[in-house]
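Observations on chain architecture
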Amino acid sequence: METHMPLHREQSHAGPHELYFKKLSSKKKQVMEKNGNNRKLRVCVATCNRADYSKLAPIMFGIKTEPAFFELDVVVLGSHLIDDYGNTYRMIEQDDFDINTRLHTIVRGEDEAAMVESVGLALVKLPDVLNRLKPDIMIVHGDRFDALALATSAALMNIRILHIEGGEVSGTIDDSIRHAITKLAHYHVCCTRSAEQHLISMCEDHDRILLAGCPSYDKLLSAKNKDYMSIIRMWLGDDVKCKDYIVALQHPVTTDIKHSIKMFELTLDALISFNKRTLVLFPNIDAGSKEMVRVMRKKGIEHHPNFRAVKHVPFDQFIQLVAHAGCMIGNSSCGVREVGAFGTPVINLGTRQIGRETGENVLHVRDADTQDKILQALHLQFGKQYPCSKIYGDGNAVPRILKFLKSIDLQEPLQKKFCFPPVKENISQDIDHILETLSALAVDLGGTNLRVAIVSMKGEIVKKYTQFNPKTYEERISLILQMCVEAAAEAVKLNCRILGVGISTGGRVNPQEGVVLHSTKLIQEWNSVDLRTPLSDTLHLPVWVDNDGNCAAMAERKFGQGKGQENFVTLITGTGIGGGIIHQHELIHGSSFCAAELGHLVVSLDGPDCSCGSHGCIEAYASGMALQREAKKLHDEDLLLVEGMSVPKDEAVGALHLIQAAKLGNVKAQSILRTAGTALGLGVVNILHTMNPSLVILSGVLASHYIHIVRDVIRQQALSSVQDVDVVVSDLVDPALLGAASMVLDYTTRRIH
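Calculation criteria
- Residues numbered from 1 in each chain as written.
- Predicted model: local features only at pLDDT ≥ 70, side-chain atom pairs only at ≥ 80, totals over all residues.
- Heavy atoms only, no water.
- UniProt positions renumbered as here; feature names shortened; annotations may be inferred.
- Phe/Tyr/Trp six-rings, centres within 6.5 Å; stacked < 30°, edge-to-face > 60°.
- Helix = DSSP H or I, 4+ residues; strand = E, 2+ residues; numbered from the N terminus.
- Buried < 20%, exposed > 50% of the residue type's maximum accessible area, 1.4 Å probe, protein only.
- Pairing = 2+ DSSP bridges.
- Axes fitted to C-alpha atoms, helices over the stretch in contact; angles between N-to-C directions.
- Contact = heavy atoms within 4.5 Å.
- Core = buried A, V, L, I, M, F, W, Y, C linked by side-chain atoms within 4.5 Å.
- Domains from an automatic or database assignment.
- Salt bridge = Lys/Arg side-chain N within 4 Å of Asp/Glu carboxyl O.
- Polar contact = N/O pair within 3.5 Å; in protein donor to acceptor, adjacent residues only side chain to side chain.

Per an unreviewed UniProt entry, the recorded name for the protein is Bifunctional UDP-N-acetylglucosamine 2-epimerase/N-acetylmannosamine kinase, and the organism is Rattus norvegicus. For the protein, the Pathway (unreviewed entry) comment in UniProt is given as "Amino-sugar metabolism; N-acetylneuraminate biosynthesis." Of the comments in the UniProt record for the protein, the one headed Subunit (unreviewed entry) reads "Homodimer. Homotetramer. Homohexamer. The hexameric form exhibits both enzyme activities, whereas the dimeric form only catalyzes the phosphorylation of N-acyl-D-mannosamine."

Digging into the packing of aromatic side chains
Counted according to the given criterion, the structure contains 5 aromatic pairs. Between Phe-69 and Phe-70, the aromatic rings sit 5.2 Å apart at their centres with planes inclined by 65 degrees, giving edge-to-face as the arrangement. For the pair Trp-544 and Tyr-747, a centre-to-centre distance of 5.7 Å together with 10 degrees between the ring planes defines the contact as stacked. Pair noted here: Trp-544 is in strand β21 (residues 543-547) and Tyr-747 is in helix α25 (residues 735-748), with a separation of 203 residues, a long-range link.

Some points on unusual backbone geometry
Positive phi is not limited to glycine here, since Asp-96 has a value of about 70 degrees. A relative accessible area of 55% means that Asp-96 is categorised as exposed. Positive phi outside glycine occurs at His-585, with the angle close to 70 degrees. Among the secondary structure elements, His-585 is positioned in the loop between β23 (577-583) and β24 (586-587).

As for the sheet that holds strand β3 (residues 99-103)
Sheet architecture is open: 7 strands sit in the order β3-β2-β1-β4-β5-β6-β7, paired in parallel fashion. Of all the strands in the sheet, just β3 and β7 (209-211) have a single pairing partner and so form its edges. Adjacent strand axes in the sheet meet at a mean angle of 20 degrees, parallel and antiparallel pairs treated alike. In the sheet, strand β1 (residues 41-47) pairs with strand β4 (residues 137-141) via 3 bridges, with the strands oriented parallel. Across the sheet, residue Cys-44 finds its bridge partner in β4, namely Met-138. The strands that helix α5 (residues 145-156) touches are β1, β2 (70-77), β4 and β5 (160-164); relative to β4, the one it contacts most, it runs at about 160 degrees. Strand contacts of helix α7 (residues 193-201): β6 (187-190) and β7, with the helix running at about 170 degrees to β7, the strand carrying the most contacts.

A closer look at the nonpolar core
Burial of nonpolar side chains together is a common tendency in soluble globular proteins. The biggest cluster of nonpolar side chains holds 61 residues, and the ones touching the most others in it are Met-138, Leu-150, Ile-246, Ile-329, Ile-347, Leu-349 and Leu-378. Per-element tally for this core: the top contributor is helix α10 (residues 257-274), with 9 residues. Taken domain by domain, the makeup of this core includes at least three residues from each of domain 1 (39-214) and domain 2 (224-381). Ignoring sequence-local partners within four residues, the contact set of Leu-378 consists of Ile-246, Ala-270, Leu-271, Phe-274, Cys-327, Ile-329 and Ile-347. In terms of nonpolar packing, the next biggest core, distinct from the first, is built from 43 residues, Ile-672, Leu-688, Leu-698 and Leu-702 among them.

Here's the deal with the pattern of salt bridges
Any two side chains of opposite charge can pair, so long as their charged atoms come close to each other. In the structure shown here, the tally under the stated rule is 27 salt bridges. Between Glu-490 and Lys-463 there is a salt bridge, and its shortest N-O distance comes to 3.4 Å. A residue pair is termed long-range when its members are at least 10 positions apart, and Glu-490 in helix α17 (residues 473-493) and Lys-463 in strand β16 (residues 461-468) qualify at 27 residues. Connected through salt bridges with shared partners, the residues Asp-444, Arg-451, Lys-464 and Asp-734 form a single ionic network.

What to know about the UniProt feature "active site" (unreviewed entry) in the protein
Mapped onto this numbering, the UniProt entry annotates "active site" (unreviewed entry) at Asp-548. Along the chain, the position of Asp-548 falls in helix α19 (residues 548-559). Owing to a relative accessible area of 25%, Asp-548 belongs among the partly exposed residues under this scheme. For Asp-548, the residues in contact, after removing those within four places along its chain, are Ser-504, Thr-505, Gly-506 and Ile-572. Reaching out from Asp-548, the side chain makes a polar contact with the side chain of Asn-547 at a distance of 3.5 Å.

A look at the side chain of Asn-87
Relative to the helices and strands, Asn-87 resides in the loop between β2 and α3 (89-94). Asn-87 sits in the buried class, given a relative accessible area of 9%. Among the polar contacts made by the side chain of Asn-87, one reaches the side chain of Asp-83 at a distance of 3.2 Å. Other than its neighbours up to four places away in sequence, Asn-87 contacts His-80, Leu-81 and Ile-82.

Shown next as structure tokens:
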């Protein structure tokens, strides 16, 4: 891992943060009492290299300033103890920290096998150290293989782990190691809101995540060295001016070592051609570093008049060097992640840091495959000055971390609990993905009209298409395919990504096979029809099919008044009467897919004939067809029209004319509507006595005209134990379309009840 320096970030939600830290402070006394005898918290800080020490040192200084509460043990291992990498453990001694333990854990070789062997060696040596120290908390930083050994040892020995900088994304094997440490760690300190969201998405307990900012930024803000020119001259020569030199820091990419070595060679060639004084830091100890050093020596970098090659620069001096450089180049995380605090231009080469959050000062050269491409980037970036980036922290990370440490209750169970919160959608930075809306194609096969709509995940109908429903099977299938193809093409223009097709149709449906078994008389030639296959073959999308009543219930469950309800019933009052039953959050289909044919509940033994072949059904009284039948009878007897009402000769008499006449005082029309509403109410009473739902939703164009009569019938006819059921009118405009869409949106996003 490389030298890191954190960036500044304005905390846009200061209010909640202040409350959070007040809560931590108030918890401190309670925790001390629980932990018993107010003993000190024994904290072990393990540091592996120059990079993680720059992050851990501010925390170590903070712990040291509170000896009444903390006892600090420092363990040093990894490349700190290797001469080729600068013996950087001396920095720790110069900072006046007592090093409790030095562990030589690096197996030389600088290849993949050596990294694995180094992890193994650390795992062999660490148990003795941890048994001797017996820390309450071990603080581990970052994403190095050494840190993975530390976290593994502590986790297996039941030592609580505080992980610094989890949740970040960089794009190499470091990601896998970092996330593995996250799963082992019990507490997390992250630097950005994005990292916090990543940790939550990884099922970590939100109460054990602290958004603190980057610890080294606390030191960075106070590092105002006016005599920076003496530092620049010491490392780059007396003749170098501010903003007229380059800092280069490039590391191997362990997942593609061969390419990263070639890229380093091209970088050095470009820097030689660019002809500016350049400070080159040696790469870290990852596999491939030995080959990169050979490339440096092959090109004579250590003796070239324009180059200064160094193994290590003290952190305070490194800050001044990058802050006043004309440009920084390489693939170090300190370039893309932290140097933006100074507005220094950065050229990030390759994919090693491709997932990092960056400021506008960073120019990515992802395919650094030619010298010319890198040279062009140097010409574009060198000497520019960018605004200071405000992504990482506000300089108060250490006080927050200390409060967080004090809040840890050692009496709480050590076993981690994983949380499974809703995962924030990870939107690609590709503009098409940013603008796309996850959507469904919804098809409603009505008795009169055939409708197709593009429906968004939020239940918004983005666009709707309507045609008369053809009478024959061939014409109907052809029109459905044509309308769906046109809608799918239009969806692309509307930036809607279609996840699948949902079809709502009348009649009995086998949803498992996508087949209409038997349809209503309203839709002719529509029996034993496979709707799934032709649509899926044409559109190359998954297809779901269900009865229109069931779809209305699913629409209410996802978008309407049934949302969150465990048991409810939906009744559709339209051309016919349909319905759907939700029991324990699940739709009831029945053994032969005939459940919830609520329109054919019989409420009278001698009632009018029904389209199903029986008589006395709810549908025979309360459907749009039934009201139309009664309206025509009145009209034929000249008993329908009242003052203020007329029916044009070319207009068919229908249910709405009957409703209008009733509103204008037509007593016979009012009587018919009352009878229809009573029949519907009796059907609802039967449902209450059978299913005992907590909610009944009346849907369709006639629902608002029936609601009061239905409530009256329940009060008069239902058992007292079910009379308090809620009966409401649906507020969904297109329940059939929304229900068809909900099948797609629920199944394709794997909705779990």
